[in-house]
Amino acid sequence: RLGPCPPRARTIILLLSCLFSTTARARLLTSPLLRSGRYAPSRSRARQQQPIIGRKRNIFKLFDRMRGGKRGERAEDKSAAEATAESTSNGMQGSGSSSSSSSSSSSSSSSSNTVTQLVQLMREVVRSTKPEVIASGSEDSKKILTPVVNKLKGLKASDIKLEDPVIPGGFPRRAVGYIPVWEQQDFEIGIFAFPPGACIPLHNHPGMCVISQVLYGSLCIRSFDLDTKTKKARTHGEVTATAPETRILFEADKNIHEFVAGPQGCAILDILTPPYEEAEGRGCTYYELEEKETEASGADSSWKKSVDETNESNKINQNEISLKPVKCPSWFTTYRLSSQLEKVDRDRLKE
């Protein structure tokens, strides 16, 4: 009856309510005078004022909001609806001519995004050859992986609609982001995103083959071979990989490695076959370099050796390193990221 309550009047009423009992104050706050008009308190505003993170388990929701995950999902739904409407209109227009409709249907069925094609290629590979055979690193396994490697050749972040960089602002400096792409029993595909200088510590891939494609940025890779009998490791040195470079490791070749992102950060697409599985003996083990005194140069004991043999023995001694298994470092953490990355079209995958 009195209409909207002015701000000054509402303030005076709230101040006066403090002088009354709790019951009287509650009645005033719930009165129709305060609940009428645009000056009534909003429940949605009260919820917005609550902190986004209450516990550590909500950290994923924080990064989804920082990347605008909800807006991205609505955009995907909108694009899917537009695509459906467009296909429906094309079908209505092409109902008159059978030739045009058949050509459009064949072209639409043959076209699929890069991520879907990559998943289809890997499914064909593991269907024809066991993942354990692929991980052996034999010449046959390398030939089998040729179609996948050719598909990854020159692949960049923009080709699969991945943001560059995909790391949101405020992301922990030493953490690593992860975007799952595809998971099944025989292989797994995912994307690791690094802030500048972030690191994945030394770890192994027992009985596995890993194909890594640098999508943007650069990273330093330090890899080792571990002899299971002598427990000695041999280093392959440090290599800087830049986009769009492809790296492959097998169970006996560069199986233990460490990633350190460059000054601009980076993102890599990893294909693991078979994936990690603790129950099947493919658990991840972390390592650290064990301090070891270098052997003598051999100048006092190798006078009878030729110069070439001495240099070769010294080279081997320098490359032999001891690795000590350790627990996962406490500073190493991964968080799941949201992205506008291409989605796998399950309808186009061949069974």
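Engineer: For this particular structure, what's the right way to read the overall build of the protein?
Structural biologist: Within the protein, the secondary structure is distributed over 12 helices and 10 strands. Across the 351 residues in the protein, those meeting the buried criterion constitute 35%. Taking all contacts inside the protein whose residues are at least 6 apart in sequence as the whole, residues at least 24 apart take part in 80%. As presented, the protein carries roughly 22,200 Å² of accessible surface, and 51% of it is formed by carbon and sulfur atoms.

Engineer: Is there a simple way to think about the confidence of the model for the protein in this case?
Structural biologist: Any region with low pLDDT has predicted coordinates that should not be read closely. The pLDDT averaged across the protein works out to 74; a share of 63% of its residues lies at or above 70. When mean pLDDT is compared element by element in the protein, strand β2 (residues 188-194) scores highest at 97, while helix α4 (residues 43-48) scores lowest at 37. Scored below 50 in pLDDT, residues 32-110 shows 59 contacts in the model against residues more than four places distant or in partner chains.

Engineer: How should the side chain of T116 be read in this particular structure?
Structural biologist: Looking at the element boundaries, T116 is found in helix α8 (residues 114-128). Owing to a relative accessible area of 2%, T116 belongs among the buried residues under this scheme. In terms of polar contacts, T116 uses its side chain to reach the backbone amide nitrogen of D345, at 2.9 Å.

Engineer: Can you help me understand the nonpolar core in this one?
Structural biologist: The nonpolar side chains of soluble globular proteins are, as a tendency, buried together. Within the largest apolar cluster, 39 residues are counted, with the highest numbers of intra-cluster contacts made by I160, L162, I189, I191, L215, L269 and I271. Among the secondary structure elements, those contributing two or more residues to this core are α8, α9 (131-135), α11 (146-152), β1 (176-183), β2, β4 (209-226) and β7 (256-273). With 6 residues, α8 is the single largest residue contributor to this core.

Engineer: Can you help me understand the packing of aromatic side chains in this one?
Structural biologist: What describes a pair of aromatic rings is the distance from one ring centre to the other and the angle between the planes of the rings. Under the defined criterion, the tally for this structure stands at 4 aromatic pairs. Both rings, one in Y178 and one in F192, keep their centres 4.9 Å apart while their planes meet at 50°; by these two values the pair is tilted. Residue Y178 is found in strand β1, and its partner F192 is found in strand β2; the two are separated by 14 residues along the sequence. Like Y178, the residue F192 is buried in the burial classification. Following the ring pairs from residue to residue traces out a cluster consisting of Y286, W331 and F332.

Engineer: What is the right way to read the pairing of β1 from this model?
Structural biologist: Of all the 8 residues making up β1, 6 are buried; the element is thus mostly covered by neighbouring parts of the structure. Bridge analysis of β1 against strand β10 (residues 334-336) gives 3 bridges, and the strand direction is parallel. Note that in β10 the partner of G177 across the bridge is Y335. Strand direction decides the pairing type here: β1 and β2, joined by 6 bridges, are antiparallel. Note on β2: the bridge partner recorded for G177 is A193.

Engineer: It is not clear to me how the pattern of salt bridges should be interpreted in this structure. Could you clarify?
Structural biologist: Once their charged atoms are close, side chains differing in charge can pair, the charge on each being opposite to the other. If you walk through the whole model with that rule in mind, you get 4 salt bridges. In this structure, R247 engages E245 in a salt bridge whose closest nitrogen and oxygen atoms are separated by 3.4 Å. We classify R247 as partly exposed; its relative accessible area is 23%. Classification of E245 by relative accessible area gives partly exposed; the value is 25%. Measuring nitrogen to oxygen at the nearest pair gives 2.9 Å for the salt bridge that ties R282 to E280.

Engineer: What is the right way to look at the environment of K350 in this model?
Structural biologist: As for its position among the elements, K350 is in the segment after β10. The contacts of K350, once residues within four sequence positions are left out, are Q120, R123 and R127.

Engineer: It is not clear to me how the side chain of S339 should be interpreted in this structure. Could you clarify?
Structural biologist: Looking at the secondary structure, you find S339 in the segment after β10. For S339, the side chain forms a polar contact with the side chain of E163, separated by 2.6 Å. A distance of 3.2 Å separates a polar side-chain atom of S339 from the backbone nitrogen of L341.

Calculation rules
Residues numbered from 1 in each chain as written. Predicted model: local features only at pLDDT ≥ 70, side-chain atom pairs only at ≥ 80, totals over all residues. Heavy atoms only, no water. Helix = DSSP H or I, 4+ residues; strand = E, 2+ residues; numbered from the N terminus. Buried < 20%, exposed > 50% of the residue type's maximum accessible area, 1.4 Å probe, protein only. Contact = heavy atoms within 4.5 Å. Areas by Shrake-Rupley, 256 points an atom, 1.4 Å probe, with all protein chains shown as cover. pLDDT = per-residue confidence, 0-100. Polar contact = N/O pair within 3.5 Å; in protein donor to acceptor, adjacent residues only side chain to side chain. Core = buried A, V, L, I, M, F, W, Y, C linked by side-chain atoms within 4.5 Å. Phe/Tyr/Trp six-rings, centres within 6.5 Å; stacked < 30°, edge-to-face > 60°. Pairing = 2+ DSSP bridges. Salt bridge = Lys/Arg side-chain N within 4 Å of Asp/Glu carboxyl O.

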